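Summary of structural features
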Amino acid sequence: MASRAPFGRGRVRRLFGLDRSGPPPRQTQEGEPLNPWTLPNLVGYLRLAGIPVFLWLSFESGDGRSAGAAILFWLIAAGDYLDGFLARVTGQYSRLGTMLDPLIDRLTILAGAVVCWHFELLPRWALALLVVRELAMLALAQYGLRHGVQIAVNWPGRLSVFPIMGGIFFALVFAGWVPAALLIVGVALAILATALYARVGIRAVRAQRTQAASQAP
């Protein structure tokens, strides 16, 4: 009988974030130590520090299109994948990382939206919808925290990041319909994801209340 390969297809898919069917790592659960000093968190700190630099380069450009700003935006956006990959490879998961990563993603998107709005690089109605969606996600996150509900990221939410980030990045590089089309597709996926998050969160809170009521004396 042939021996099992040390890196099977399933393991490779998990390392690259393609298979997320398993339970979340124990270190990321509520009540675990923050554990701030990890390699993935270092990437997060660098991403966070790059956002004000990106804004400065963009507004100094005069028209919003700066090679330095575009490259920096791409590096900040790509860092979202890098820190997750490093966490899976090294096993350096942390509670802080799970809270920091989505915050940096939203700040990155909002920073890009501010630049594109100011210089009219993308349709402002789509940017307005994007900002409203991000604010709605913050409200949902607060709702979940108040009720002790942690909602897993869904696939529309994961997929929406790529066209949104891509639309903003390409808008920083050139004019045309491609950046706008990417942004619109991304915003549509993001709104769908938000609706699914809200439905799952409300159901989870109701289930908690029902369980608490059934256990009450």
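Everything quoted here is computed from the prediction, not taken from an experiment.

Spanning 24 residues, helix α4 (residues 95-118) covers 36 Å between terminal C-alpha atoms, matching the ideal 34 Å at 1.5 Å per step. Two residues or fewer past α4, Glu120 is found with a positive phi of approximately 55°.

What follows is about a nonpolar patch on the surface. Taken together, the side chains of Phe170, Val173, Phe174, Trp177 and Val178 present a nonpolar region at the surface, about 480 Å² in accessible area. With respect to the element layout, Phe174 can be found in the loop between α6 (155-171) and α7 (177-215).

Right, let's get into the nonpolar core. Of all hydrophobic cores here, the largest spans 30 residues; its most connected members are Phe54, Leu122, Leu172 and Leu183. The set of elements that each furnish at least two residues to this core consists of α2 (39-61), α3 (67-90), α4, α5 (124-146), α6 and α7. Here this core takes seven residues from α4, the largest share from any one element.

With that settled, consider the pattern of salt bridges. Inspection of the entire model under this criterion finds six salt bridges. Within the structure, one salt-bridge network assembled from shared partners comprises Arg47, Asp83, Asp101 and Asp105.

Now for the packing of aromatic side chains. Per the counting criterion, the structure on display carries six aromatic pairs. The interplanar angle of 70° and the centroid separation of 6.2 Å between the aromatic rings of Trp37 and Tyr45 together place this pair among those described as edge-to-face. Judged by relative accessible area, Tyr45 falls into the partly exposed class, the value being 28%. With a centroid separation of 5.3 Å and an interplanar angle of 50°, the aromatic rings of Phe54 and Phe73 are classed as tilted. Placement of Phe54 in helix α2 and of Phe73 in helix α3 is noted, with a sequence separation of 19 residues between them. Among the aromatic residues, ring-to-ring pairing joins Phe169, Phe170 and Phe174 into one connected group. One cation-aromatic arrangement involves Arg158 over Trp155; the distance from NZ or CZ to the ring centre is 4.7 Å.

Mapped onto the elements of the fold, Glu134 is located in helix α5. Since its relative accessible area comes to 2%, Glu134 is described here as buried. Here Arg133 takes part through its side chain, which lies 3.1 Å from a polar atom of the side chain of Glu134. Setting aside chain neighbours within four positions, we find Glu134 in contact with Arg106, Ile109 and Leu110.

Once that is clear, we can look at the side chain of Thr38. The topology assignment puts Thr38 in the loop between α1 (9-15) and α2. In terms of polar contacts, Thr38 uses its side chain to reach the side chain of Asn41, at 3.2 Å. With near-sequence residues (within four places) excluded, Thr38 lies in contact with Gln92 and Ser94.

In this structure, Glu120 is a non-glycine residue whose phi angle is positive, near 55°. Mapping Glu120 onto the fold places it in the loop between α4 and α5.

Our next topic: the packing of α4 against α6. For the pair α4 and α6, interaxial distance at closest approach is 10 Å and the crossing angle is 35°. Viewed along their axes, α4 and α6 form a crossing whose handedness is left-handed. Contacts between α4 and α6 involve Asp105, Thr108, Ile109, Gly112, Ala113 and Cys116 from the first element and Ile164, Met165, Ile168 and Ala171 from the second.

In this section: the environment of Leu127. In this fold, Leu127 is placed in helix α5. Residues Leu127 and Cys116 lie eleven residues apart in sequence; the distance between their C-alpha atoms is 8.1 Å. Beyond its immediate chain neighbours, meaning those up to four positions away, Leu127 contacts Ala113, Cys116, Trp117, Leu122 and Leu183.

Rules and cut-offs
Residues numbered from 1 in each chain as written. Predicted model: local features only at pLDDT ≥ 70, side-chain atom pairs only at ≥ 80, totals over all residues. Heavy atoms only, no water. Helix = DSSP H or I, 4+ residues; strand = E, 2+ residues; numbered from the N terminus. Expected span 1.5 Å × (residues − 1). Patch = residues over 30% accessible without salt bridge, like charges linked within 9 Å, V, L, I, M, F, W, Y side chains within 5 Å. Areas by Shrake-Rupley, 256 points an atom, 1.4 Å probe, with all protein chains shown as cover. Salt bridge = Lys/Arg side-chain N within 4 Å of Asp/Glu carboxyl O. Core = buried A, V, L, I, M, F, W, Y, C linked by side-chain atoms within 4.5 Å. Buried < 20%, exposed > 50% of the residue type's maximum accessible area, 1.4 Å probe, protein only. Phe/Tyr/Trp six-rings, centres within 6.5 Å; stacked < 30°, edge-to-face > 60°. Lys NZ or Arg CZ within 6 Å of the ring centre and 35° of its normal. Polar contact = N/O pair within 3.5 Å; in protein donor to acceptor, adjacent residues only side chain to side chain. Contact = heavy atoms within 4.5 Å. Axes fitted to C-alpha atoms, helices over the stretch in contact; angles between N-to-C directions. Left-handed = near helix turned anticlockwise from the far one by under 90°.

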